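In case you want the letters, here they are:
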Amino acid sequence: MKRRDARAFWLFVGPFLLGLAVFAYLPIGWSAYLSFFDARNTVTPTEFVGVDNYVSMLSNDAFLSSLGTFSVFAALIVPVTFVLSLALALAVNQLKVARAFFRSVFFLPFACSYVVASLIWKTSLFSGVRYGLANSVLGVFGIDPVAWTGTVDPPLYWIVLVSARLWLQLGFYMILFIAALQRIPTQLYEAAALDGARPGWQVFRYITLPQLAATSVAVLLLNLINAYQAFDEFYNIMGDSRGYPPFARPPLVYLYYTSLGSGGQDLGRGSAGAVILALLIALVTLFQGKVFRFGRAS
């Protein structure tokens, strides 16, 4: 019986583990290997350079600036996503009719391609010409068209980038919160009502929010990691035939141009930057989990 269970386990899990090893772990390991070599225009380098690639990346102003761009993006997207997705979950969970319909409506954008959504945002909503939806609305109030993706002072391009990401991911985090809300025992709310707790803010603060602690930390961690990995919306919204502007360049876009740019493939430095970014994500994740006591009993 045990042998048969083991065979069934590996029959179902084996293909996924093999795919994970080939398409995830092997590239990660090879990238770490390349980061210690002078790998220009080759994936099989022979010249070992030690930590020179890491020193080069950490002293590169453009790479450090890209990390600063991420910090701005994360500071905008993480708290806004958390608040809005929680608000949506609370609103949808309280519906008496058409609850499944609204869950589906808000979740559907998550299934949309980031590339497609970015192009819609760039060409139809914030195109920078008078026929874009945003500028058409401004025109009703007599305001001249705005070059949304090209205006640096003030940095209006953040409106385009953040709104695109919000539309794409709010539904996913809303579903996570709805699942957590449905696991809260109704007896807690009944006991709170008997104790005189007023419906609304008091119940939310002392009953609902503490019960959502684990899900809240998971949402923050996932959101922060996804912000670090932002690429598609930045690349497709901000890039054009002239290339990519030096501002609003997140780490993955910078590493893309370093590793595969028109100036030549520098896979060694690009891999070193990728390792630095991965370690930074891991450190921030561990720190955040430590602060919020993720995975511990409350």
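Located above this text is the structure these notes cover.
Cut-offs applied
- Residues numbered from 1 in each chain as written.
- Predicted model: local features only at pLDDT ≥ 70, side-chain atom pairs only at ≥ 80, totals over all residues.
- Heavy atoms only, no water.
- Helix = DSSP H or I, 4+ residues; strand = E, 2+ residues; numbered from the N terminus.
- Buried < 20%, exposed > 50% of the residue type's maximum accessible area, 1.4 Å probe, protein only.
- Contact = heavy atoms within 4.5 Å.
- Core = buried A, V, L, I, M, F, W, Y, C linked by side-chain atoms within 4.5 Å.
- Axes fitted to C-alpha atoms, helices over the stretch in contact; angles between N-to-C directions.
- Parallel < 35°, antiparallel > 145°, perpendicular 65-115°, else oblique.
- Left-handed = near helix turned anticlockwise from the far one by under 90°.
- Nonpolar A, V, L, I, M, F, W, Y, C, P; charged D, E, K, R; others polar.
- Phe/Tyr/Trp six-rings, centres within 6.5 Å; stacked < 30°, edge-to-face > 60°.
- Salt bridge = Lys/Arg side-chain N within 4 Å of Asp/Glu carboxyl O.
- Patch = residues over 30% accessible without salt bridge, like charges linked within 9 Å, V, L, I, M, F, W, Y side chains within 5 Å.
- Areas by Shrake-Rupley, 256 points an atom, 1.4 Å probe, with all protein chains shown as cover.

1. Comments concerning the overall build of the protein chain
- Helix and strand content of the protein chain: 13 helices and 0 strands.
- Principal-axis analysis of the C-alpha atoms gives the protein chain an extent of 75 × 75 × 35 Å.
- Burial analysis of the protein chain (298 residues in total) assigns 37% to the buried set.
- Taking all contacts inside the protein chain whose residues are at least 6 apart in sequence as the whole, residues at least 24 apart take part in 66%.

2. Observations regarding the nonpolar core
- If you look at the biggest cluster of nonpolar residues, it comprises 58 residues, and the most contacted ones within it are Phe73, Trp148, Leu161 and Phe234.
- Looking at this core, the elements that each hand over two or more residues are α2 (52-58), α3 (61-93), α6 (133-140), α7 (157-182), α10 (213-228), α11 (232-238), α12 (251-260) and α13 (267-291).
- Broken down by element, this core gets its largest block of residues, 14 residues, from α7.
- Sequence-distant contacts of Trp148, that is, excluding residues within four places in its chain, are made with Phe126, Gly128, Ala134, Asn135, Leu138, Leu156, Tyr157, Ile159 and Val160.

3. Quick look at the environment of Val92
- Position of Val92 among the secondary structure elements: in helix α3.
- Between the C-alpha atom of Val92 and that of Pro246, which follows or precedes it by 154 residues, the distance is 41 Å.
- In contact with Val92, other than residues within four places in its own chain, are Arg99, Phe102, Arg103, Phe106, Met174 and Ile178.

4. Some points on the packing of α7 against α10
- Taken N-terminus to C-terminus, the directions of α7 and α10 make an angle of 160 degrees; their axes are 10 Å apart at the nearest point. On the basis of the axis angle, α7 is roughly antiparallel to α10. Here α7 and α10 pass one another in a crossing that is right-handed. Facing α7, whose interface residues are Arg165, Gln169, Phe172, Tyr173, Leu176, Phe177 and Ala180, α10 presents Thr215, Ser216, Val219, Leu222, Asn223, Asn226 and Ala227.
- Per-class residue counts for the contact of α7 with α10 are 8 nonpolar, 5 polar and 1 charged.

5. Quick look at the packing of aromatic side chains
- This model, assessed by the stated rule, comprises 26 aromatic pairs.
- Ring geometry for Phe73 against Trp158: centres 6.3 Å apart, planes inclined by 20 degrees, an arrangement best described as stacked. Of this pair, Phe73 sits in helix α3 while Trp158 sits in helix α7, placing them 85 residues apart in sequence.
- A relative accessible area of 1% means that Phe73 is categorised as buried.

6. A short note on the pattern of salt bridges
- Tallied over the full model, the rule gives 4 salt bridges.
- Between Arg40 and Asp38 there is a salt bridge, with the nearest N and O atoms lying 3.3 Å from each other.
- Classification of Asp38 as partly exposed rests on a relative accessible area of 27%.
- Measuring nitrogen to oxygen at the nearest pair gives 3.7 Å for the salt bridge that ties Asp266 to Arg269. The two residues Asp266 and Arg269 agree in class, both being buried.

7. Things to note about a nonpolar patch on the surface
- Residues Phe9, Trp10, Leu17, Leu20, Tyr25 and Ile28 make up a contiguous nonpolar surface patch of about 660 Å² in total accessible area.
- Tracing the sequence through the fold places Leu20 in helix α1 (residues 2-34).
- Looking at Leu20, the relative accessible area reads 37%, which means it is partly exposed.

8. Structural notes on the environment of Gly128
- With respect to the secondary-structure elements, Gly128 resides in the loop between α5 (114-125) and α6.
- Sequence separation of Gly128 and Trp148 is 20 residues, and the distance between their C-alpha atoms is 5.6 Å.
- With residues up to four places along the chain from it excluded, the contact list for Gly128 reads Asn135, Val146, Ala147 and Trp148.

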